[in-house]
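Here's the letter readout for the chains.
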Amino acid sequence: MIPFEFVTARSFEAAAQLLAESRRGDVLLKAGGIDVVDRLKEGLDRPKVILNIRGLRPARADAVRKGDNGLTIHALATLTEINENEAVRTDYPAVAAGTRKPATPQVRNVASLAGNLCQKPRCWYYRSLDFRCLKKGGDRCYAVNGDNRYHAVLGAGACHIVAPSSAAPSLMACGAMLRIGRYVDGKLSERTLPIADFYRVPSNPQDDEFQLGHDELILDVTLPQSAAGRHSAYVELKEKQSFDWAMASCAVNLNERAAPRIVLGAVAPIPWRLPKVEQLVAGQKLTDTLIAEARRAAIADARPMTNNGYKVTLAGAVLEHALRAADEGA
Ligand SMILES: Cc1cc2nc3c(=O)[nH]c(=O)nc-3n(C[C@H](O)[C@H](O)[C@H](O)COP(=O)(O)OP(=O)(O)OC[C@H]3O[C@@H](n4cnc5c(N)ncnc54)[C@H](O)[C@@H]3O)c2cc1C
Ligand code: SF4
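Residues numbered from 1 in each chain as written. Chains lettered and ligands numbered in written order. Predicted model: local features only at pLDDT ≥ 70, side-chain atom pairs only at ≥ 80, totals over all residues. Heavy atoms only, no water.

1. Examining the side chain of Lys238
- As for its placement among the helices and strands, Lys238 is situated in the loop between β9 (232-237) and β10 (248-253).
- A distance of 3.1 Å separates polar atoms of two side chains, one belonging to Lys238 and the other to Glu236.
- Lys238 has contacts with Lys101, Pro102, Ala103, Asp244, Trp245, Ala246 and Met247, leaving out every residue within four places of it along the chain. (Helix = DSSP H or I, 4+ residues; strand = E, 2+ residues; numbered from the N terminus. Polar contact = N/O pair within 3.5 Å; in protein donor to acceptor, adjacent residues only side chain to side chain. Contact = heavy atoms within 4.5 Å.)

Shown next, in the form of structure tokens:
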């Protein structure tokens, strides 16, 4: 057991101030704590301070607010509060599904949106104290010659992790904007960032897969009005239907027919947007021939490893299901 101080934040500003005054790695932000507790047990993080922001979550009625620009979801809204929200279900069915499918009801009742977006990858070598792989500063990726059945088939560099968040692909397909806070000059300053720019394949495996300074925190997430409508969908395939992460997933938004957004999940180090497939289907009627072409284009760049070739087939399948579901409408 590694001793740490447990600090409860009274506001986002106070939390940001403590982060600003600390060195990277010394303070670990905790929302629902589901991934944080795992990481402490796995020895991935050894913070001096756990900064608990869970108490900053709003009343259920304020977890999702409708404004002129769309729907704004509080960073600490739970996945259950999001997927049970009527406006999310009606206008952003992909997001409702992306926050209804993960894990179990017990996890979704506690897990926050921001925590879900910032959870660390599930690679079992990374999560095990017994392996010091590239991502932990070691000299090799154990997945290359090891058990890589759940690893990336698209976009991997030296490290072959897959992005674990089920919420991220659907938020990306719906053009979500993140509001991010940081303590500067005695107050909380903010920036906004499209979620599509939040995730980036790290050039150094030890870096995070998302663009967030150690002194920054997510305040909320806005789904733009332009992406609203019945024609979005999120589909995922798992080995078991509960208590598990996806093997492949896909979010599609066809509400703006001329500018569709299509994102694969669980197959690449970050939620994997498919610009070539988007161009292919933009403004087109979705015939069987076009869907077959889209499937081929989606996986054209796939580079499976020794045990995960099946994921290439699954990626095509989830894409087809999500395209058809979004086309039909919720
Ligand atoms: C059995 C099981 C199955 C699961 N299956 C799935 C699944 O299918 N799909 C899926 O997506 N997830 C799955 N999960 C993971 C779970 O959904 C996440 O661990 C959870 O969503 C994390 O949210 P949290 O609020 O508990 O985050 P925490 O554990 O509190 O934090 C996670 C990370 O986010 C950071 N963080 C938290 N809040 C903020 C903020 N406001 N700003 C910046 N950084 C922040 C923390 O510092 C930490 O690094 C599963 C978990 C379990 C136990
Ligand atoms: S995939 Fe990445 S995290 Fe997993 S063993 Fe390889 S380097 Fe480590």
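That was the structure; now back to the text.
2. What about the sheet that holds β9?
- Pairing is antiparallel across the open sheet formed by 4 strands, whose spatial order is β9-β10-β11-β12. With one partner strand each, in any of the chains shown, β9 and β12 (272-273) form the two edges of the open sheet.
- The pairing of β10 with strand β11 (residues 261-265) spans 5 bridges and is antiparallel. Bridge assignment links Cys250 to a residue of β11, and that residue is Leu264. (Pairing = 2+ DSSP bridges.)

3. A look at the packing of helix α11 (residues 288-299) against helix α12 (residues 310-328)
- Across the interface, α11 lies against α12 with an axial gap of 9 Å and an inter-helix angle of 140°. Here α12 runs oblique to α11, going by the angle between their axes. The element α11 and its partner α12 pack so that their crossing is right-handed. Residues Asp288, Ile291, Ala294, Arg295, Ala298 and Ile299 of α11 touch α12, and the partners they reach there are Val312, Thr313, Ala315, Gly316, Ala317, Leu319, Glu320, Leu323 and Arg324.
- Of the residues that constitute the contact of α11 with α12, the class distribution is 9 nonpolar, 2 polar and 4 charged. (Axes fitted to C-alpha atoms, helices over the stretch in contact; angles between N-to-C directions. Parallel < 35°, antiparallel > 145°, perpendicular 65-115°, else oblique. Left-handed = near helix turned anticlockwise from the far one by under 90°. Nonpolar A, V, L, I, M, F, W, Y, C, P; charged D, E, K, R; others polar.)

Note that every value here comes from positions in space, so none of it alone points to a role or purpose.
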